[in-house]
Amino acid sequence: MQGYNFAYLDEQTKRMIRRALLKAVAIPGHQVPFGSREMPLPYGWGTGGIQVTAAVLGRNDTLKVIDQGADDTTNAVSIRHFFGRTAGVRTTTHTAEATVIQTRHRIPEEKLREDQIIVYQVPQPEPLWKLEPSRVETKRMHALADYGLMHVKLYEDVARLGQISISYDYPVMVNNRYLMSPSPIPAYDNPKMNRMPALQLFGAGREKRIYAIPPWTEVRSLDFDDHPFRPINATQACGLCGATDSYKDEVITDDRGGRMFVCSDTDHCEQRRDAA
Amino acid sequence: MAYVAVKGGERAIRNAHAWLAEERRGDSSVPDLGLAQIREQLGRAIDRVMAEGSCYDPDLAALAIKQAQGDLIEAVFLLRAYRTTLPRFAHSAPIDTAKIAAARRISAIFKDVPGGQILGPTYDYTHRLLDFELAESQPPPDAPLAAPDPSPMPRVHDILGREGLLEADGPIDAEPADLTREPLSFPAGRDVRLQALARGDEGFLLSMGYSTQRGYGGSHPFAGEIRVGEVSVEITPPELGFAIDIGDLTVTECQMVNQFKGSKTQPPQFTRGYGLVFGFSERKAMSMALVDRALRAAELGEDVTAPAQSPEFVLYHSDNVEATGFVEHLKLPHYVDFQSELQNVRRLREAVDQREAAE
């Protein structure tokens, strides 16, 4: 696009972001502050993910953008257009073809590979924010690996409700050291993060934090021995492709209680239907 | 099939943008609004957009206001997103507000001060009656002219400071921090706090400042001095080695004087709260000065009990571009997370049902 650098950001800014990314990769799960810029898209709409993507994108990359698992949701379309315009890179909806995948709220069903990068859009990088609003205080807690507050919260869930009641943005322990927000992906996706071959990068633009999980890193969802982590998903099969092993969206079909369940990952669903 | 309803995002966006452009233009039988008209006749809106957009350019602000249909926060956002792409080729010397070409200068703590009290173009003493003549585009009567008064206009604070009754300005040590390049971190120095407040949302600062006047972190303020006018901006290019004037800015400066009973280390004296804003905006400059003083509570050994005294609370929530983005992002699809919550609530209810059946 005329008047703008490749992938929108100027090279100095990209270098600043890459330095933050390198630090983040070196300390898995640790939140690295960075000089987040105003982007031409609003805060809360993926500015962190967009800046990370802009910093790692090269001319030969193939980009996939999903929101809620789907390539055709309006915000995914908008971000894909943004990089189509500012970087002119090839875009795809096929998970296997992409070298960089920017996502909001999901991890694709298809297993990611070592030559792929997944960039998560993160609204709130601080996993402890609901328990302790002060970032000065949570920073101290991370430094001391003082995560008792979160364990107490999970324990209180069990005591009151008989089970842990977090269904998305379910906190994880990365490399046995840092408590981390996986971003608001459904807890169903959490196990995919563990020892994932692909590099996982997280960008929070408004909160000005970057963090990362290097390939093959251990990522454990917090739980108790007698109350093990349980992912949540609809028990019904996909109404379009019949999949039972994918995360489902619930679609209301009429006003008389009619509903169907369909794969949230549109690419996964289409591939299965094409193969059938 | 119902599922089809969520498809077609691409065409929907294109059509929405076309509709928006048409709506922005409005009735095409009404003349198109020129940028010069916005710049000249909506000056206070221009000032607000430049201040919160952190970019002093009335023409760009006019464009942003036109493009945003007068939605000033949207206009601020447009200007911010533009300024962030601009290269930075020099840093100016600090502006000197003692040498301001004042259009307005008042002090509420002395009946008269050297340099005089100048009301300037203020709404303060207008009666807020709708002026129906304005609807008929009548040219205003000429304002009377007088020769400019060349007498110096020393800062009221410097006069008080000579007696030691007012705390001195802090030392000017390191280069000031820059929030637009480095993320906010705590403890945040006063330089960072003032920068955040200067580009913070006027409404937010107004409410925060107001809350200190109603008992939430009170600091007994007096408007020591408010001045509005033009200051020159100077840079010193390394290849020249001397300062050159690159242009003028209109700014509003407010110095609040606050009561302070003294502490173990400091004698009783007045303390300061400071506000400086691009353009003509006393409301913002005064609010900023109140909040600046409130944020100094910990440093002055006062109890920190109110929101306006908490740097984390104020600085993390003062930026309207950040705030509006995150509040409005709730309209983005959240159905994956909602679905998880739905299954979760169903599971919790099942557990309750099973427990009740067992009892």
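Residues numbered from 1 in each chain as written. Chains lettered and ligands numbered in written order. Predicted model: local features only at pLDDT ≥ 70, side-chain atom pairs only at ≥ 80, totals over all residues.

Asker: Just checking my understanding: could you explain the overall build of chain B for this structure?
Answerer: Scanning chain B for helices and strands turns up 12 helices and 4 strands. Along the first, second and third principal axes, the C-alpha set of chain B runs to 85 × 65 × 55 Å. A total of 359 residues make up chain B; the buried ones form 32% of that total. At a minimum sequence separation of 6, the contacts of chain B that also span at least 24 residues come to 65%. (Helix = DSSP H or I, 4+ residues; strand = E, 2+ residues; numbered from the N terminus. Buried ≥ 20, exposed ≤ 12 C-beta atoms within 10 Å, placed from the backbone. Contact = placed C-beta atoms within 7 Å.)

Asker: Explanation requested: the packing of helix α7 (residues 190-198) of chain B against helix α9 (residues 282-295) of chain B in the structure shown.
Answerer: Pairs of packed helices are described in terms of their axes, by the angle between the two and the distance that separates them. Residues and elements named next belong to chain B. In the contact formed by α7 and α9, the axes pass within 10 Å of each other and the chain directions differ by 150 degrees. Taken as axis vectors, α7 and α9 run roughly antiparallel relative to one another. Between α7 and α9 lies a crossing whose hand is right-handed. Mapping the contact onto sequence places R193, L194, L197 and A198 in α7 and M288, V291, D292 and L295 in α9. Each residue belonging to the contact of α7 with α9 can be placed in one class, and the counts come to 6 nonpolar, no polar and 2 charged. (Axes fitted to C-alpha atoms, helices over the stretch in contact; angles between N-to-C directions. Parallel < 35°, antiparallel > 145°, perpendicular 65-115°, else oblique. Left-handed = near helix turned anticlockwise from the far one by under 90°. Nonpolar A, V, L, I, M, F, W, Y, C, P; charged D, E, K, R; others polar.)

Asker: In this structure, what is going on with the packing of helix α3 (residues 43-53) of chain B against helix α5 (residues 72-83) of chain B? I would like to understand it.
Answerer: Residues and elements named next belong to chain B. Two elements in contact, α3 and α5, have axes whose closest approach is 8 Å; the angle formed by their N-to-C orientations is 45 degrees. When the interaxial angle is binned, α3 and α5 end up oblique. In the packing of α3 onto α5, the handedness of the crossing is right-handed. When α3 is examined against α5, the residues A45, R48, V49, E52 and G53 are found in contact with a partner set consisting of L72, A75, V76, L79, R80 and R83. A breakdown of the residues in the contact of α3 with α5 according to their chemical character gives 6 nonpolar, 1 polar and 4 charged.

Asker: How do you make sense of the interface of chain A and chain B when you look at a structure like this?
Answerer: When the parts of a complex come together, some accessible area is lost, and that lost area is often taken as the interface size. Taken together, the 47 residues of chain A in the interface contact 40 residues of chain B. Among the elements of the structure, α3 (74-86), α4 (135-143) and β11 (248-252) of chain A are those that each provide at least two residues to the side of chain A that touches chain B. Considering every element that reaches the side of chain A that touches chain B, the biggest residue donor is α3(A), with 4 residues. The class makeup of the residues in the side of chain A that touches chain B is 19 nonpolar, 18 polar and 10 charged.

Asker: Would you mind going over the pairing of strand β2 (residues 221-235) of chain B with me for this structure?
Answerer: Residue and element names in this part refer to chain B. Bridging between strand β1 (residues 101-106) and β2 involves 5 bridges; their strand directions are antiparallel. Considered in β2, the bridge of I106 is made with I226. Both β2 and strand β3 (residues 244-258) contribute to a ladder of 14 bridges, which runs antiparallel. In the sheet register, V228 faces β3, and the bridge partner there is T252. (Pairing = 2+ DSSP bridges.)

Asker: Looking at this structure, how should I read the nonpolar core?
Answerer: In globular proteins that are soluble, nonpolar side chains generally tend to be buried together. Counting 60 residues, the largest nonpolar core has L21(A) and I210(A) as its most contacted members. Once residues within four sequence positions are removed from consideration, I210(A) is found in contact with A20(A), L21(A), A24(A), V32(A), F34(A), V52(A), F202(A) and G203(A). Core analysis: the next-biggest nonpolar cluster, separate from the first, contains 59 residues, I38(B), A62(B), A198(B) and L295(B) among them. (Core = buried A, V, L, I, M, F, W, Y, C linked by C-beta atoms within 7 Å.)

Asker: In this structure, what is going on with the sheet that holds strand β4 (residues 271-278) of chain B? I would like to understand it.
Answerer: Within a sheet, adjacent strands bond to each other through the backbone by hydrogen bonds, running parallel or antiparallel. Residues and elements named next belong to chain B. Across the sheet, 4 strands lie side by side as β1-β2-β3-β4; this open sheet has antiparallel pairing. Among the strands making up the open sheet, the edge pair consists of β1 and β4. Within this sheet the neighbouring strands show an average axis-to-axis angle of 20 degrees, counted without direction. Bridge count for β3 against β4 is 8 bridges, and the pairing is antiparallel. Within β4, the residue paired with V251 across the bridge is F278.

Asker: Looking at this structure, how should I read unusual backbone geometry?
Answerer: A negative phi holds for most residues other than glycine; trans holds for most peptide bonds. Residue F186(B) is joined to P187(B) through a cis peptide bond whose omega torsion reads 0 degrees. Mapping P187(B) onto the fold places it in the loop between α6 (156-162) and α7. The residue A7(A) is not glycine, and still its phi comes out positive at about 60 degrees. Secondary-structure assignment places A7(A) in the segment before α1 (11-26).

Asker: For this particular structure, what's the right way to read the sheet that holds strand β9 (residues 209-213) of chain A?
Answerer: Residue and element names in this part refer to chain A. Taken in spatial order, the 7 strands make up an open sheet running β1-β9-β8-β5-β4-β2-β3, and their pairing is mixed. Looking along the sheet, the strands with just one partner apiece sit at the ends: β1 (32-33) and β3 (90-91). In this structure, strand β4 (residues 100-104) lies alongside strand β5 (residues 117-121), joined through 4 bridges in parallel fashion. Along β5, the bridge assignment pairs T103 with Y120. Against the sheet, α1 engages β1, β8 (199-204) and β9, with an angle of about 45 degrees to β9.

Asker: What's the story with helix α1 (residues 9-25) of chain B in this structure? I'm lost.
Answerer: Because an α-helix completes one turn every 3.6 residues, residues spaced three or four positions apart along the sequence face the same direction. Residue and element names in this part refer to chain B. Compared with an ideal rise of 1.5 Å per residue, which puts 17 residues at 24 Å, α1 spans 25 Å between its outermost C-alpha atoms and is within 8% of the ideal. Across the 17 residues that make up α1, only a small minority, 0, are buried. At the C-terminal side of α1, G26 shows a positive phi close to 70 degrees. (Expected span 1.5 Å × (residues − 1).)

Asker: Looking at this model, I keep getting lost on the pairing of β9(A). Mind explaining?
Answerer: Side chains on a regular strand alternate between the two faces of the sheet. Residues and elements named next belong to chain A. Across the 5 residues of β9, 5 count as buried, placing the element largely inside the fold. The two faces of β9 match: R209, Y211 and I213 on one face and I210 and A212 on the other face are all buried. Strand direction decides the pairing type here: β1 and β9, joined by 2 bridges, are antiparallel. Note on β9: the bridge partner recorded for V32 is I210. Bridge count for β8 against β9 is 5 bridges, and the pairing is antiparallel. Counterpart to G203 in the pairing with β9 is I210. The turn joining β8 and β9, which pair antiparallel and follow one another in sequence, is formed by 4 residues; a positive phi near 60 degrees is taken by K208.

Asker: Is there a simple way to explain helix α5 (residues 148-161) of chain A in this structure?
Answerer: Between the first and last C-alpha of α5(A) there are 20 Å, a value that for 14 residues agrees with the 20 Å anticipated at 1.5 Å per step. Following α5(A) by one or two positions, G162(A) adopts a phi angle in the positive range, close to 80 degrees.

Asker: What's the story with the environment of P28(A) in this structure? I'm lost.
Answerer: Residue and element names in this part refer to chain A. Mapped onto the elements of the fold, P28 is located in the loop between α1 and β1. A C-alpha to C-alpha distance of 12 Å links P28 and M193, two positions 165 residues apart in sequence. In contact with P28, other than residues within four places in its own chain, are V174, N175, Y178, A212, I213, P214 and T217.

Asker: I'm lost on the confidence of the model for chain B in this one. Help?
Answerer: Detailed reading of predicted coordinates is not advised where the pLDDT is low. Residues of chain B with pLDDT of at least 70 account for 98%, and the chain-wide mean is 90. Taken together, the stretch residues 1-6 of chain B has pLDDT below 50 and engages in 4 contacts with residues farther than four places along the chain or on a different chain. (pLDDT = per-residue confidence, 0-100.)

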